[in-house]
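Structure assessment
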Amino acid sequence: MKKNIPPATIRRLPIYLQTLRELYLRGVRIISSAELGDILEITPEQLRKDLTFFGNFGRKGIGYNVEELSESIEKILGLKNQWRVAIVGAGHLGTALANYEIFPELGFETVAIFDIDERVIGSEINGVKVYDFEKINSVAKRKNFDIGIVAVPPENVREVCDALVDAEVKGIWNFAPVKPEVPPEIIVVNENLSVGLGALSFRLAQQ
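All values derive from a computational prediction rather than experimental measurement.

**Thoughts on the nonpolar core**
It is characteristic of soluble globular proteins that their nonpolar side chains tend to be buried jointly. Val-88, Phe-114, Ile-136, Phe-145, Val-150 and Leu-164 are the most contacted members of the largest nonpolar core, which has 23 residues in total. Contributions of two or more residues to this core are made by strand 3 (83-88), strand 4 (108-115), helix 7 (136-143) and helix 8 (157-166). Residues contacting Val-150, with those up to four places away along its chain left out, are Val-88, Val-157, Val-160, Cys-161, Leu-164, Ile-172, Trp-173, Asn-174, Phe-175 and Ala-176. Membership of the second largest hydrophobic core comes to 18 residues, among which are Leu-13, Leu-47, Leu-51 and Phe-53.

**A few points about the packing of aromatic side chains**
Summed over the entire model, instances satisfying the criterion amount to six aromatic pairs. Measuring from ring centre to ring centre gives 6.0 Å for Phe-114 and Phe-145, while their planes differ by 65°; the resulting arrangement is edge-to-face. Taken together, the residues Phe-114 in strand 4 and Phe-145 in the loop between helix 7 and strand 7 (147-150) connect sequence positions 31 residues apart. In this pair, the class of Phe-114 matches that of Phe-145, namely buried. Through successive ring pairs, a cluster of aromatic residues spans Tyr-100, Phe-103, Phe-108, Trp-173 and Phe-175. For the cation-ring pair, Arg-29 lies above Tyr-24, with the distance from its terminal atom to the ring centre recorded as 3.7 Å.

**Describing the pattern of salt bridges**
All told, the structure shown has six salt bridges when counted by the stated rule. Between Glu-45 and Arg-48 there is a salt bridge whose closest N-O contact spans 3.8 Å. You can see Glu-45 and its partner Arg-48 sitting in helix 3 (residues 44-52), three residues apart, about one turn around the helix. Between Asp-117 and Arg-119 there is a salt bridge, with its nearest N and O atoms 2.9 Å apart.

**So, helix 8**
Turning to helix 8, its buried residues are Val-157, Val-160, Cys-161, Ala-163 and Leu-164. Looking straight down helix 8, one finds its buried side chains confined to an arc of 160°; they lie on one side. Facing away from the buried side of helix 8, by more than 90 degrees, are the exposed residues Arg-158 and Asp-166. In this structure, the buried side of helix 8 is in contact with strand 3, helix 7, strand 7 and strand 8 (171-174). Immediately downstream of helix 8, the backbone of Glu-168 shows phi near 65°, a positive value.

What counts and how
Note on numbering: residues in each chain are counted from 1, in written sequence order. Where totals are concerned, whole chains, interfaces and linings use all residues; where local detail is concerned, this predicted model gives features only for residues with pLDDT of at least 70, and gives and counts side-chain atom pairs only at 80 or more. Based on all heavy atoms of the structure, the side-chain values leave hydrogens and waters out of the count. Among buried residues, those of type Ala, Val, Leu, Ile, Met, Phe, Trp, Tyr and Cys that are joined through side-chain atoms within 4.5 Å constitute a nonpolar core. A 1.4 Å probe rolled over the protein chains alone gives each residue an accessible area, and that area as a share of the maximum for its type sets the label: buried under 20%, exposed over 50%, partly exposed in between. The helix and strand labels rest on DSSP assignments: H or I over at least four residues marks a helix, E over at least two residues marks a strand, and numbering proceeds from the N terminus. Contact between two residues is taken to exist if any of their heavy atoms lie within 4.5 Å; hydrogens are not considered. Any two rings among Phe, Tyr and Trp, with Trp reduced to its six-membered ring, count as a pair given centres within 6.5 Å; such a pair is stacked if its planes are under 30 degrees apart, edge-to-face if over 60, and tilted if neither. Charge-over-ring contacts are defined here by two conditions on Lys NZ or Arg CZ: a distance within 6 Å of the ring centre and an angle within 35 degrees of the ring normal. Definition used for salt bridges: Asp or Glu carboxyl oxygen within 4 Å of a side-chain nitrogen of Lys or Arg. This arc describes the spread of directions from the helix axis toward the C-beta atoms.

None of this, on its own, says anything about what the molecule does.
Structure follows, in C-alpha cells:
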C-alpha cells in the first residue's frame, strides 16, 4: 500500500463502502466509475484516483464488481478485524454510541462503558455493563479493549486520555472539542461535532 494517502481519501472510503453495500442489497452487481461517481456526487476521476492508492480495481469497459470492491475496501479499512471498544462517558452521547447498531457490522464490539456517576455504575446499556471509571485499569486487563471512545466534557479529556493510555489502548476516538496529548504511537481521531454543525449552519445560511 502506498504511503502519504490524503486524509480526504481515507474519509471517503467508508462512504464508498456504505454506498456499495446499499447497491448490492438493491441487486446491483456491476457498476461503472461514472455511475458510482454520480451516486457519490464526485467525479469518476476522483473515485479512480482514490482507489488507485490501494491497488487496481475494476475492468476497463465493464466497471467494478460491487461485491469484490466492497470486500476490498473492508480489508483496506481493517474492518475484517474485530476491534474491542470501551466508551468513557455514559451520558447522552456515550449512550447513543453504545446503542449504535452499525458498530458490530463494522467489526467494533463495545465491551465496557465507564462513568463516575454512581447512579449509572453497575447498570447496563445495550447489554454492556457500566463500570466505575476509577477501575478502568483492572477492567482493561479483563476486557482487553483496543479502542477508547471519549464522550466526556472538555475539562475531563486529559484525565480520561491518560487513563486510556495507561490501559494500553491502541487508538482513541475523541468527541470532545479538545485535542488530547498522547504518545505518538497512540492513534487519535478527533470528532468535533461543533465543526460539522457549523458547516451545516453555514450551508443553510447561504440558501
